[in-house]
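Understanding the architecture of this molecule
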Amino acid sequence: ILALRKRPNGLKIKKVSVPIGVILIIYESRPNVTADCIGLCLKSGNSVLLRGGREAVRTNRVIYEILGKASKPHGIPVGAFGLVPGGHDAVRDLLRMNESIDLVIPRGGEGLIREVVRLSRIPVIKHYKGICHVYVDRDADLKKAAAIVMNAKIQNPAVCNAMETLLVHQAVARKFLPAIGAALKEKGVELRGCPETRRLISGIRAAHEEDWGTEYLDLVLSVRVVGDLDQALEHIRTYGSRHSDAIVTRNGKTAALFAGGVDSACVFVNCSTRFSDGGQF
(Lines give C-alpha, C1' and ligand atoms only; values in the text may rest on other atoms or scores of the structure.)
Protein backbone atom coordinates (compact mmCIF):
# COMPACT_ATOMS: atom_id res chain seq x y z
CA ILE A 1 0.00 0.00 0.00
CA LEU A 2 1.62 3.23 -1.19
CA ALA A 3 -1.05 5.62 0.09
CA LEU A 4 -4.31 5.50 2.04
CA ARG A 5 -6.83 8.28 2.55
CA LYS A 6 -10.45 8.69 3.60
CA ARG A 7 -12.78 10.96 1.65
CA PRO A 8 -15.38 13.18 3.41
CA ASN A 9 -18.16 10.86 2.13
CA GLY A 10 -16.59 7.89 3.93
CA LEU A 11 -14.84 6.23 0.95
CA LYS A 12 -11.47 4.75 1.84
CA ILE A 13 -9.07 4.96 -1.11
CA LYS A 14 -5.92 2.85 -1.32
CA LYS A 15 -3.11 3.27 -3.81
CA VAL A 16 -1.61 -0.22 -4.17
CA SER A 17 1.37 -1.25 -6.30
CA VAL A 18 0.78 -4.33 -8.48
CA PRO A 19 3.03 -6.21 -10.90
CA ILE A 20 2.96 -5.25 -14.58
CA GLY A 21 3.10 -8.90 -15.66
CA VAL A 22 5.54 -10.31 -18.21
CA ILE A 23 8.38 -7.93 -19.07
CA LEU A 24 10.72 -8.43 -22.04
CA ILE A 25 14.11 -6.75 -21.58
CA ILE A 26 16.39 -6.49 -24.62
CA TYR A 27 19.91 -5.31 -23.88
CA GLU A 28 23.45 -5.11 -25.19
CA SER A 29 26.93 -5.85 -23.93
CA ARG A 30 26.83 -5.61 -20.14
CA PRO A 31 26.12 -8.99 -18.45
CA ASN A 32 25.43 -7.34 -15.07
CA VAL A 33 22.06 -6.41 -16.59
CA THR A 34 21.12 -10.11 -16.45
CA ALA A 35 21.44 -10.23 -12.67
CA ASP A 36 20.10 -6.70 -12.13
CA CYS A 37 16.89 -7.28 -14.08
CA ILE A 38 16.17 -10.70 -12.63
CA GLY A 39 16.51 -9.22 -9.13
CA LEU A 40 14.39 -6.14 -9.87
CA CYS A 41 11.61 -8.13 -11.52
CA LEU A 42 11.48 -10.77 -8.78
CA LYS A 43 11.33 -8.08 -6.08
CA SER A 44 8.45 -6.34 -7.87
CA GLY A 45 6.54 -9.56 -8.57
CA ASN A 46 7.02 -9.53 -12.34
CA SER A 47 8.07 -12.29 -14.70
CA VAL A 48 10.93 -11.38 -17.03
CA LEU A 49 12.25 -12.59 -20.37
CA LEU A 50 15.85 -11.55 -21.03
CA ARG A 51 17.45 -11.18 -24.44
CA GLY A 52 21.10 -10.16 -24.13
CA GLY A 53 23.54 -9.27 -26.87
CA ARG A 54 25.98 -11.61 -28.56
CA GLU A 55 28.91 -9.82 -26.86
CA ALA A 56 28.23 -11.59 -23.55
CA VAL A 57 26.07 -14.58 -24.47
CA ARG A 58 28.08 -17.16 -22.50
CA THR A 59 28.40 -14.96 -19.40
CA ASN A 60 24.67 -14.24 -19.49
CA ARG A 61 23.94 -17.96 -19.69
CA VAL A 62 26.14 -18.75 -16.66
CA ILE A 63 24.59 -15.98 -14.55
CA TYR A 64 21.09 -17.13 -15.53
CA GLU A 65 21.85 -20.76 -14.66
CA ILE A 66 23.37 -19.88 -11.27
CA LEU A 67 20.36 -17.75 -10.31
CA GLY A 68 18.01 -20.47 -11.53
CA LYS A 69 19.63 -23.04 -9.24
CA ALA A 70 19.73 -20.59 -6.32
CA SER A 71 16.04 -19.72 -6.68
CA LYS A 72 14.65 -23.26 -6.45
CA PRO A 73 15.05 -23.77 -2.66
CA HIS A 74 13.25 -20.47 -2.03
CA GLY A 75 9.98 -21.31 -3.75
CA ILE A 76 10.41 -19.08 -6.78
CA PRO A 77 8.27 -20.60 -9.57
CA VAL A 78 10.02 -22.21 -12.54
CA GLY A 79 9.76 -19.79 -15.45
CA ALA A 80 9.64 -16.67 -13.28
CA PHE A 81 12.61 -15.54 -15.35
CA GLY A 82 13.87 -16.80 -18.67
CA LEU A 83 16.79 -16.25 -21.02
CA VAL A 84 15.71 -16.10 -24.68
CA PRO A 85 17.97 -17.81 -27.24
CA GLY A 86 18.10 -17.03 -30.95
CA GLY A 87 19.02 -14.12 -33.16
CA HIS A 88 17.21 -11.15 -34.70
CA ASP A 89 14.31 -13.29 -35.95
CA ALA A 90 13.58 -14.41 -32.39
CA VAL A 91 13.50 -10.79 -31.21
CA ARG A 92 11.12 -9.79 -34.01
CA ASP A 93 8.81 -12.67 -33.08
CA LEU A 94 8.82 -11.67 -29.41
CA LEU A 95 7.99 -8.06 -30.23
CA ARG A 96 4.79 -9.24 -31.96
CA MET A 97 3.59 -11.24 -28.93
CA ASN A 98 1.40 -8.49 -27.46
CA GLU A 99 -1.07 -11.02 -26.05
CA SER A 100 1.64 -12.75 -23.97
CA ILE A 101 4.07 -9.94 -23.09
CA ASP A 102 2.94 -6.80 -21.25
CA LEU A 103 5.92 -4.47 -21.54
CA VAL A 104 9.23 -4.13 -23.42
CA ILE A 105 12.27 -2.33 -22.01
CA PRO A 106 15.22 -1.91 -24.40
CA ARG A 107 18.54 -1.07 -22.77
CA GLY A 108 21.43 -0.12 -25.01
CA GLY A 109 22.39 2.27 -27.78
CA GLU A 110 20.03 4.58 -29.62
CA GLY A 111 20.01 2.32 -32.69
CA LEU A 112 18.77 -0.68 -30.69
CA ILE A 113 16.07 1.34 -28.95
CA ARG A 114 14.72 2.89 -32.16
CA GLU A 115 14.58 -0.53 -33.83
CA VAL A 116 12.66 -2.04 -30.90
CA VAL A 117 10.17 0.87 -30.99
CA ARG A 118 9.74 0.44 -34.75
CA LEU A 119 9.01 -3.29 -34.55
CA SER A 120 7.13 -3.64 -31.28
CA ARG A 121 3.38 -4.19 -30.93
CA ILE A 122 3.89 -4.06 -27.16
CA PRO A 123 4.19 -0.86 -25.05
CA VAL A 124 7.85 0.23 -24.75
CA ILE A 125 9.57 2.16 -21.95
CA LYS A 126 12.50 3.93 -23.55
CA HIS A 127 14.91 6.80 -23.76
CA TYR A 128 17.06 7.53 -26.78
CA LYS A 129 19.93 9.64 -25.47
CA GLY A 130 21.44 10.79 -22.21
CA ILE A 131 22.48 14.38 -22.83
CA CYS A 132 22.91 15.36 -19.19
CA HIS A 133 23.87 18.79 -17.86
CA VAL A 134 25.45 20.16 -14.72
CA TYR A 135 24.78 23.86 -14.13
CA VAL A 136 27.14 25.66 -11.73
CA ASP A 137 25.18 28.62 -10.39
CA ARG A 138 26.55 31.97 -9.24
CA ASP A 139 25.81 30.92 -5.64
CA ALA A 140 27.51 27.53 -5.90
CA ASP A 141 29.99 26.12 -3.43
CA LEU A 142 32.79 25.85 -5.99
CA LYS A 143 34.66 23.11 -4.13
CA LYS A 144 31.51 21.00 -4.12
CA ALA A 145 30.86 21.94 -7.75
CA ALA A 146 34.30 20.69 -8.78
CA ALA A 147 33.74 17.34 -7.06
CA ILE A 148 30.32 16.94 -8.70
CA VAL A 149 31.62 17.84 -12.16
CA MET A 150 34.51 15.39 -11.91
CA ASN A 151 32.24 12.58 -10.76
CA ALA A 152 29.58 13.29 -13.36
CA LYS A 153 32.11 13.15 -16.22
CA ILE A 154 34.97 10.93 -15.06
CA GLN A 155 33.45 8.17 -12.93
CA ASN A 156 32.02 6.35 -15.96
CA PRO A 157 31.83 8.48 -19.11
CA ALA A 158 30.35 5.71 -21.30
CA VAL A 159 26.90 5.60 -19.67
CA CYS A 160 23.68 7.52 -20.27
CA ASN A 161 23.75 9.43 -16.96
CA ALA A 162 27.24 10.89 -17.43
CA MET A 163 27.44 14.65 -17.91
CA GLU A 164 27.85 15.72 -21.53
CA THR A 165 27.57 19.52 -21.08
CA LEU A 166 28.79 21.79 -18.28
CA LEU A 167 27.02 25.15 -17.89
CA VAL A 168 28.68 27.81 -15.71
CA HIS A 169 27.23 31.14 -14.57
CA GLN A 170 29.29 34.07 -15.84
CA ALA A 171 29.71 35.44 -12.30
CA VAL A 172 31.86 32.45 -11.26
CA ALA A 173 33.28 31.39 -14.62
CA ARG A 174 36.55 33.31 -14.27
CA LYS A 175 37.30 31.64 -10.93
CA PHE A 176 35.86 28.19 -11.63
CA LEU A 177 36.65 27.31 -15.23
CA PRO A 178 40.48 27.52 -15.32
CA ALA A 179 40.82 25.19 -12.33
CA ILE A 180 38.16 22.67 -13.38
CA GLY A 181 39.44 22.79 -16.95
CA ALA A 182 42.92 21.83 -15.82
CA ALA A 183 41.57 19.03 -13.62
CA LEU A 184 39.47 17.61 -16.45
CA LYS A 185 42.31 17.80 -18.97
CA GLU A 186 44.58 16.03 -16.50
CA LYS A 187 42.10 13.12 -16.56
CA GLY A 188 42.19 13.02 -20.35
CA VAL A 189 38.94 14.89 -21.05
CA GLU A 190 38.75 16.74 -24.36
CA LEU A 191 36.97 20.08 -23.82
CA ARG A 192 34.90 21.90 -26.42
CA GLY A 193 33.84 25.38 -25.37
CA CYS A 194 31.92 28.51 -26.25
CA PRO A 195 33.98 31.64 -27.02
CA GLU A 196 34.01 32.78 -23.36
CA THR A 197 35.05 29.32 -22.18
CA ARG A 198 37.91 29.28 -24.70
CA ARG A 199 39.04 32.66 -23.41
CA LEU A 200 39.24 31.29 -19.86
CA ILE A 201 40.65 27.83 -20.71
CA SER A 202 43.42 27.98 -23.27
CA GLY A 203 44.08 25.38 -25.92
CA ILE A 204 40.62 23.84 -26.26
CA ARG A 205 38.44 23.27 -29.31
CA ALA A 206 35.47 25.43 -30.23
CA ALA A 207 32.06 23.91 -29.52
CA HIS A 208 29.81 23.89 -32.58
CA GLU A 209 26.02 23.67 -32.72
CA GLU A 210 26.03 19.89 -33.10
CA ASP A 211 28.20 19.46 -29.99
CA TRP A 212 25.47 20.75 -27.67
CA GLY A 213 23.16 17.95 -28.80
CA THR A 214 25.74 15.14 -28.90
CA GLU A 215 25.87 12.23 -26.46
CA TYR A 216 29.63 11.60 -26.50
CA LEU A 217 29.71 8.56 -24.17
CA ASP A 218 33.42 9.30 -23.92
CA LEU A 219 35.94 11.62 -22.28
CA VAL A 220 34.64 14.62 -24.24
CA LEU A 221 32.78 17.53 -22.66
CA SER A 222 31.02 20.60 -24.02
CA VAL A 223 31.30 23.72 -21.82
CA ARG A 224 29.28 26.93 -22.01
CA VAL A 225 29.22 30.12 -19.95
CA VAL A 226 25.66 31.39 -19.42
CA GLY A 227 24.43 34.80 -18.29
CA ASP A 228 21.85 33.62 -15.78
CA LEU A 229 19.55 30.79 -14.70
CA ASP A 230 17.07 31.49 -17.49
CA GLN A 231 19.76 31.03 -20.13
CA ALA A 232 20.84 27.76 -18.50
CA LEU A 233 17.24 26.50 -18.50
CA GLU A 234 16.77 27.52 -22.12
CA HIS A 235 19.92 25.66 -23.12
CA ILE A 236 18.75 22.49 -21.36
CA ARG A 237 15.28 22.71 -22.93
CA THR A 238 16.81 23.17 -26.39
CA TYR A 239 19.54 20.53 -26.34
CA GLY A 240 18.75 18.17 -23.45
CA SER A 241 17.19 14.72 -23.69
CA ARG A 242 15.07 14.88 -20.50
CA HIS A 243 17.21 12.28 -18.77
CA SER A 244 19.16 13.73 -15.82
CA ASP A 245 20.23 17.30 -15.08
CA ALA A 246 21.80 18.91 -12.02
CA ILE A 247 22.32 22.32 -10.43
CA VAL A 248 25.01 23.25 -7.92
CA THR A 249 23.89 26.16 -5.74
CA ARG A 250 23.51 27.32 -2.14
CA ASN A 251 20.47 29.41 -3.07
CA GLY A 252 17.27 27.55 -2.22
CA LYS A 253 15.08 29.75 -4.42
CA THR A 254 17.32 29.20 -7.44
CA ALA A 255 17.36 25.45 -6.79
CA ALA A 256 13.56 25.38 -6.70
CA LEU A 257 13.30 27.37 -9.94
CA PHE A 258 15.73 24.97 -11.63
CA ALA A 259 13.88 21.89 -10.39
CA GLY A 260 10.57 23.30 -11.58
CA GLY A 261 11.95 24.51 -14.90
CA VAL A 262 13.75 21.35 -16.06
CA ASP A 263 11.47 18.69 -17.55
CA SER A 264 13.73 15.68 -17.00
CA ALA A 265 13.20 12.26 -15.46
CA CYS A 266 15.70 13.13 -12.71
CA VAL A 267 16.60 16.62 -11.49
CA PHE A 268 19.39 16.87 -8.93
CA VAL A 269 20.41 19.63 -6.54
CA ASN A 270 24.03 19.56 -5.34
CA CYS A 271 24.78 16.02 -6.46
CA SER A 272 26.01 14.24 -9.56
CA THR A 273 23.86 13.05 -12.47
CA ARG A 274 25.54 9.66 -11.94
CA PHE A 275 23.19 9.04 -9.02
CA SER A 276 20.48 8.32 -11.59
CA ASP A 277 21.32 4.64 -11.46
CA GLY A 278 20.16 1.48 -9.73
CA GLY A 279 23.18 1.11 -7.48
CA GLN A 280 22.44 4.20 -5.40
CA PHE A 281 19.04 5.62 -6.33
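Below you will find a few notes about this structure. (Residues numbered from 1 in each chain as written. Predicted model: local features only at pLDDT ≥ 70, side-chain atom pairs only at ≥ 80, totals over all residues. Heavy atoms only, no water.)

Glancing now at the overall build of the protein chain. Assigned secondary structure in the protein chain consists of 10 helices and 13 strands. Reported as C-alpha extents along the three principal axes, the dimensions of the protein chain are approximately 60 × 60 × 35 Å. The buried share of the protein chain, taken over its 281 residues, is 41%. Look at the contacts in the protein chain between residues 6 or more apart in sequence, and 66% of them connect residues 24 or more apart. A total of about 15,400 Å² of accessible surface is found on the protein chain, and carbon and sulfur atoms cover 52% of it. (Helix = DSSP H or I, 4+ residues; strand = E, 2+ residues; numbered from the N terminus. Buried < 20%, exposed > 50% of the residue type's maximum accessible area, 1.4 Å probe, protein only. Contact = heavy atoms within 4.5 Å. Areas by Shrake-Rupley, 256 points an atom, 1.4 Å probe, with all protein chains shown as cover.)

The subject of this paragraph is the sheet that holds strand β6 (residues 103-107). Strands sit in the order β5-β4-β3-β6 across an open sheet of 4 strands; the sheet is parallel. In this open sheet, the two strands that pair with only one neighbour each are β5 (81-83) and β6. Adjacent strand axes in the sheet meet at a mean angle of 15° when their direction is disregarded. (Pairing = 2+ DSSP bridges. Axes fitted to C-alpha atoms, helices over the stretch in contact; angles between N-to-C directions.)

Now for the packing of aromatic side chains. One pass over the full model with this rule turns up 2 aromatic pairs. Note on Tyr64 and Phe81: the rings are 5.9 Å apart at their centroids and 85° apart in plane angle, and the pair reads as edge-to-face. In this pair, Tyr64 sits in helix α2 (residues 57-71) while Phe81 sits in strand β5, placing the two residues 17 residues apart along the sequence. You can call Phe81 buried: its relative accessible area is 8%. Their ring planes at 20° and their centres at 6.3 Å tell us that Tyr135 and Phe258 sit as a pair that is stacked. Of this pair, Tyr135 sits in strand β7 (residues 132-136) while Phe258 is found in helix α10 (residues 252-261), placing the two residues 123 residues apart along the sequence. Looking at Phe258, the relative accessible area reads 0%, which means it is buried. (Phe/Tyr/Trp six-rings, centres within 6.5 Å; stacked < 30°, edge-to-face > 60°.)

Before going further, it helps to examine the side chain of Arg274. Mapped onto the secondary structure, Arg274 falls in the segment after β13 (266-269). Residue class for Arg274 comes out buried when judged on its relative accessible area of 13%. Here Asn161 takes part through its side chain, which lies 2.7 Å from a polar atom of the side chain of Arg274. Leaving out residues up to four positions away in the same chain, Arg274 has contacts with Asn151, Ala152, Gln155, Asn156, Val159, Asn161 and Ala162. (Polar contact = N/O pair within 3.5 Å; in protein donor to acceptor, adjacent residues only side chain to side chain.)

With that settled, the discussion passes to the layout of surface pockets. There is about 1,500 Å³ of room inside the largest pocket. Every residue lining the largest pocket is counted, 48 residues in all, and those nearest its centre are Ile105, Arg107, His127, Cys160 and Asp277. Those elements giving two or more residues to the lining of the largest pocket turn out to be β3 (22-27), α1 (32-43), β6 and α4 (110-119). Of the residues forming the lining of the largest pocket, the biggest block, 8 residues, is contributed by α1. Taken as a whole, the second largest pocket holds about 400 Å³ of empty space. What lines the second largest pocket is a set of 17 residues, among which Ile26, Arg51, His88, Val91 and Leu112 lie closest to the centre. Per-element tally for the lining of the second largest pocket: the top contributor is α4, with 4 residues. Across the lining of the second largest pocket, the residue classes break down as 7 nonpolar, 4 polar and 6 charged. (1 Å grid on protein atoms, 1.4 Å probe; cavity = no way out; pocket = protein on both sides within 12 Å on 5 of 7 lines; lining within 4 Å. Points joined across faces, edges and corners; volume = space filled by probe spheres on them. Nonpolar A, V, L, I, M, F, W, Y, C, P; charged D, E, K, R; others polar.)

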